[in-house]
Amino acid sequence: MLRVETEQWADAQVFKLEGRLTGEGAEQVRTLLTRSLPEMKLVVDLTDLLYIDSVGEDVLSVLKRLGAEFVADNVYTLDICERLNLPLASNANTHGLGSSDANRRR
């Protein structure tokens, strides 16, 4: 199962993905994010993803090409970012992302 939450900051649109980024769910995320790309920076929080299949990896690569930055703070999501060469958001910690769950939720 996949859950997507959105949050808007002054300087970015944030999409937080939770669960499994696979198959049809990954394709729906691609559609959602490419249709709603704002003029501001796009940040995709991968911290709470448990599994990403090849379709999910393709979606993340498309988002990278569209200029998205990514948040990852565990071994699995950091490995995905490294393997796919996904750019990490530089100021995620200033917004409470990439730290403990209590700090991420506002």
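To be clear, the structure that these remarks concern was listed above.
What you are looking at is a predicted structure, and each value in this text was computed from that prediction instead of being measured.

(A) Representation of the environment of Thr22 within the structure. Here Thr22 lies in the loop between β2 (12-21) and α1 (23-35). Put simply, Thr22 and Asp53 are 31 residues apart on the chain and 5.2 Å apart in space, counted from C-alpha to C-alpha.

(B) Structural view of the pairing of strand β1 (residues 2-8). Both β1 and β2 contribute to a ladder of seven bridges, which runs antiparallel. Following the sheet pairing, Val4 is matched in β2 by Leu17. With antiparallel pairing between neighbouring strands as the criterion, β1 and β2 make up a hairpin whose turn holds three residues.

(C) Layout of unusual backbone geometry. Positive phi values are uncommon outside glycine, yet Asn85 reaches one of about 60 degrees. Along the polypeptide, Asn85 turns up in the loop between α3 (75-84) and α4 (101-104). For Asn85, a relative accessible area of 55% translates into the label exposed.

(D) Expanded view of the environment of Glu18. Examined against the element boundaries, Glu18 turns out to sit in strand β2. A relative accessible area of 14% means that Glu18 is categorised as buried. The spacing of Glu18 and Asp48 is 30 residues in sequence and 4.7 Å in space, taken between C-alpha atoms.

(E) Looking closely at the sheet that holds strand β3 (residues 41-52). Across the sheet, four strands lie side by side as β1-β2-β3-β4; this open sheet has mixed pairing. Whereas interior strands pair on both sides, the edge strands pair on one side only; in this sheet they are β1 and β4 (69-71). On average, each strand axis in the sheet is inclined to that of its neighbour by 20 degrees, with strand direction left out of account. Pairing of β3 with β4, which is carried by three bridges, proceeds in the parallel orientation. From the neighbouring strand, Asp45 faces β4, where its bridge partner is Val71. Contacting β2, β3 and β4, helix α2 (residues 54-65) crosses the sheet at an angle of about 165 degrees to β3. Seen against the sheet, α3 touches β3 and β4 and runs at an angle of roughly 120 degrees to β3.

Quick notes on the rules
- Residues numbered from 1 in each chain as written.
- Predicted model: local features only at pLDDT ≥ 70, side-chain atom pairs only at ≥ 80, totals over all residues.
- Heavy atoms only, no water.
- Helix = DSSP H or I, 4+ residues; strand = E, 2+ residues; numbered from the N terminus.
- Pairing = 2+ DSSP bridges.
- Buried < 20%, exposed > 50% of the residue type's maximum accessible area, 1.4 Å probe, protein only.
- Axes fitted to C-alpha atoms, helices over the stretch in contact; angles between N-to-C directions.
- Contact = heavy atoms within 4.5 Å.

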